[in-house]
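For reference, the chains in residue letters:
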Amino acid sequence: MELSIALNRYDRHVPFFNGTVEPPDGVTLRPYEIGESVPFRDGTDRHPRIIRDLEFDIGEMSFSTFIMAVARDPDLPLVGIPCFPRRFFSPGQIYVNPDAGIAEPGDLTGKRIGVHSFQTTLSVLAKGDLKLDHGVAWEDCSWHCMRGEIIDVDLGDDVEVSQIGTGKDIGVMLMEGEIDALISPQPRQSMLDNPEGYRRLYDDPISGDITYFRKHGFFPIMHIMVMKRDVADARPDLPRAIMDMHERAKSLAYSFYDDSNYALLAWSRNALEEQREVLGADPWTSGFAANKKNVEQFIGYSHDQRLIDAVYPAERLFHHSVLDS
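What counts, and at which threshold
- Residues numbered from 1 in each chain as written.
- Predicted model: local features only at pLDDT ≥ 70, side-chain atom pairs only at ≥ 80, totals over all residues.
- Heavy atoms only, no water.
- Core = buried A, V, L, I, M, F, W, Y, C linked by side-chain atoms within 4.5 Å.
- Buried < 20%, exposed > 50% of the residue type's maximum accessible area, 1.4 Å probe, protein only.
- Helix = DSSP H or I, 4+ residues; strand = E, 2+ residues; numbered from the N terminus.
- Contact = heavy atoms within 4.5 Å.
- Salt bridge = Lys/Arg side-chain N within 4 Å of Asp/Glu carboxyl O.
- Phe/Tyr/Trp six-rings, centres within 6.5 Å; stacked < 30°, edge-to-face > 60°.
- Lys NZ or Arg CZ within 6 Å of the ring centre and 35° of its normal.
- Expected span 1.5 Å × (residues − 1).
- Pairing = 2+ DSSP bridges.
- Right-handed = clockwise from strand over helix to strand, strands pointing away.

J.: In this structure, what is going on with the nonpolar core? I would like to understand it.
T.: Within soluble globular proteins, side chains that are nonpolar generally end up buried alongside one another. Ranked by internal contacts, the top residues of the largest apolar core, which has 90 residues, are Phe 66, Leu 108, Met 227 and Leu 317. For this core, the leading source of residues is helix α9 (residues 238-256), giving 8 residues. With residues up to four places along the chain from it excluded, the contact list for Leu 317 reads Phe 63, Phe 66, Ile 67, Val 70, Val 79, Gly 80, Val 295, Ile 299 and Tyr 312.

The following block contains the structure:
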């Protein structure tokens with residue numbers, strides 16, 4: 001059996017690409033390095049190619065979009081595997097215009113906020129966290145999206161959500177005051193070229209992230225691994241085998257940092273040691289039980305933000321063979 005797997009080029013995926021983790025018995029695994037909004041070796045648009053085109057047997061998928069897809073189609077031809085290769089805390093990913101009068105999270109109420117798309121996982125997380133932890137109702141803000149939605153959604157006429165014009169740079173919009181804040185996993189290049197034109201919402205974003213971790217008890221999920229349902233049903237051992245392969249790859253990736261000069265970051269080893277002290281030995285935990293609270297909170301956020309019609313059990317996202325993990 002030859003299976004394709006679409007992945008981002010993270011350090012924890014290097015072992016997939018260089019063959020230092022063995023695939024399950026009887027399986028030849030062909031990895032593809034595919035970006036989402038940025039092209040990598042094997043292209044871009046990973047999420048729609050997985051969810052719309054069913055181009056790959058296994059893939060790294062947007063958590064939010066997968067939750068929406070499962071809600072819409074009980075016979076969705078994809079099933080989840082409880083491996084989560086991308087995670088972000090929301091506090092450190094919010095940028096503001098210095099003149100927008102935003103000194104703390106509560107000041108975002110009623111503001112114009114840019115996002116990649118309304119259903120982008122980080123966008124959903126940040127909207128949900130702001131409402132839960134700071135009383136900032138997403139319904140009271142106006143949302144400006146960089147791109148269209150992968151899965152269509154009707155948010156109603158009582159909220160303001162729009163897509164920015166073609167050719168407009170959302171980073172420039174932030175710095176020129178056309179929007180007040182931006183939720184993004186990294187500053188736009190235009191922002192990096194003009195660091196005086198914006199600031200982070202939190203002066204000490206790491207401290208904000210640590211506070212979040214201590215309150216909620218998890219490192220929030222951004223991406224989930226998925227597999228074609230017919231492949232998982234034909235070989236029910238495969239979802240767990242892919243989980244095991246992912247865990248071995250992650251362990252190897254951690255070992256890379258035993259060499260203090262492995263990364264371009266001069267203090268990468270120090271950063272890893274600090275992370276372990278604050279977040280524990282492995283905040284990238286796989287398995288259903290260990291992530292159920294995180295998954296349930298996100299399903300609740302998706303329902304509150306009108307992306308799904310009803311809350312449903314977290315078990316529905318995953319293949320039955322891994323629910324005891």
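J.: What exactly am I supposed to notice about the pattern of salt bridges here?
T.: Two side chains carrying opposite charge are able to pair once their charged atoms lie near each other. Taken as a whole and assessed by the stated rule, the structure comprises 21 salt bridges. In this structure, Glu 315 engages Lys 292 in a salt bridge whose closest nitrogen and oxygen atoms are separated by 3.3 Å. With Glu 315 in the segment after α11 (288-304) and Lys 292 in helix α11, this residue pair connects regions lying 23 residues apart in the sequence. Since its relative accessible area comes to 28%, Lys 292 is described here as partly exposed. When salt bridges that share partners are traced, they join Lys 131, Glu 139 and Asp 304 into one network.

J.: Teacher, can you tell me more about the packing of aromatic side chains here?
T.: One pair of aromatic rings is described through two measures. These are the centre distance and the angle between the planes. Within this structure, the stated rule accounts for 15 aromatic pairs. When the ring of Phe 89 is compared with that of Phe 219, the centres are 4.6 Å apart and the planes differ by 20°; the resulting orientation is stacked. With a gap of 130 residues between them, Phe 89 in the loop between β4 (78-87) and β5 (94-96) and Phe 219 in the loop between α7 (205-216) and β11 (221-228) connect regions that are remote in the sequence. On the basis of relative accessibility, which here comes to 11%, the residue Phe 219 falls in the buried class. Clustering of aromatic rings is evident, with ring pairs tying together Phe 89, Tyr 212, Phe 213, Phe 218, Phe 219 and Trp 284. Over the aromatic face of Phe 118 sits the side chain of Lys 127, whose NZ or CZ is 3.8 Å from the ring centroid. Above the plane of the ring of Tyr 254 lies Arg 276, whose end atom (NZ or CZ) is 5.4 Å from the centre.

J.: Explain α9 here, please?
T.: Since one α-helical turn is 3.6 residues long, residues separated by three or four positions face the same way. Taking 1.5 Å of rise per residue, the 19 residues of α9 would be expected to cover 27 Å, and the 27 Å separating its terminal C-alpha atoms lies within 8% of that figure. Three or more residues of α9 are buried, namely Leu 238, Pro 239, Ala 241, Ile 242, Met 243, Met 245, His 246, Ala 249, Lys 250, Ala 253, Tyr 254 and Phe 256.

J.: What is the right way to read the side chain of Glu 33 from this model?
T.: When you line up the elements, Glu 33 lands in strand β2 (residues 28-33). Non-local contacts of Glu 33, meaning those with residues more than four positions away in its chain, are made with Leu 7, Arg 9, Phe 17, Phe 40, Arg 41, Asp 42 and Gly 43.

J.: Where do I start with the pairing of strand β7 (residues 142-145) in this structure?
T.: Side-chain positions along a regular strand alternate between the two faces of the sheet. Covered by surrounding structure in β7 are Ser 142 and His 144 together with Trp 143 and Cys 145, the residues of both alternating faces. Here 4 bridges tie strand β6 (residues 112-115) to β7, and the two strands are oriented parallel to one another. If you follow Val 115 over to β7, its bridge partner there is Cys 145. Traced from β6 through helix α4 (residues 121-134) to β7, the parallel crossover comes out right-handed. Looking at chain direction, β7 and strand β8 (residues 160-163) are connected through 4 bridges and run parallel. For Cys 145, the partnering residue across the bridge sits in β8 and is Gln 163.

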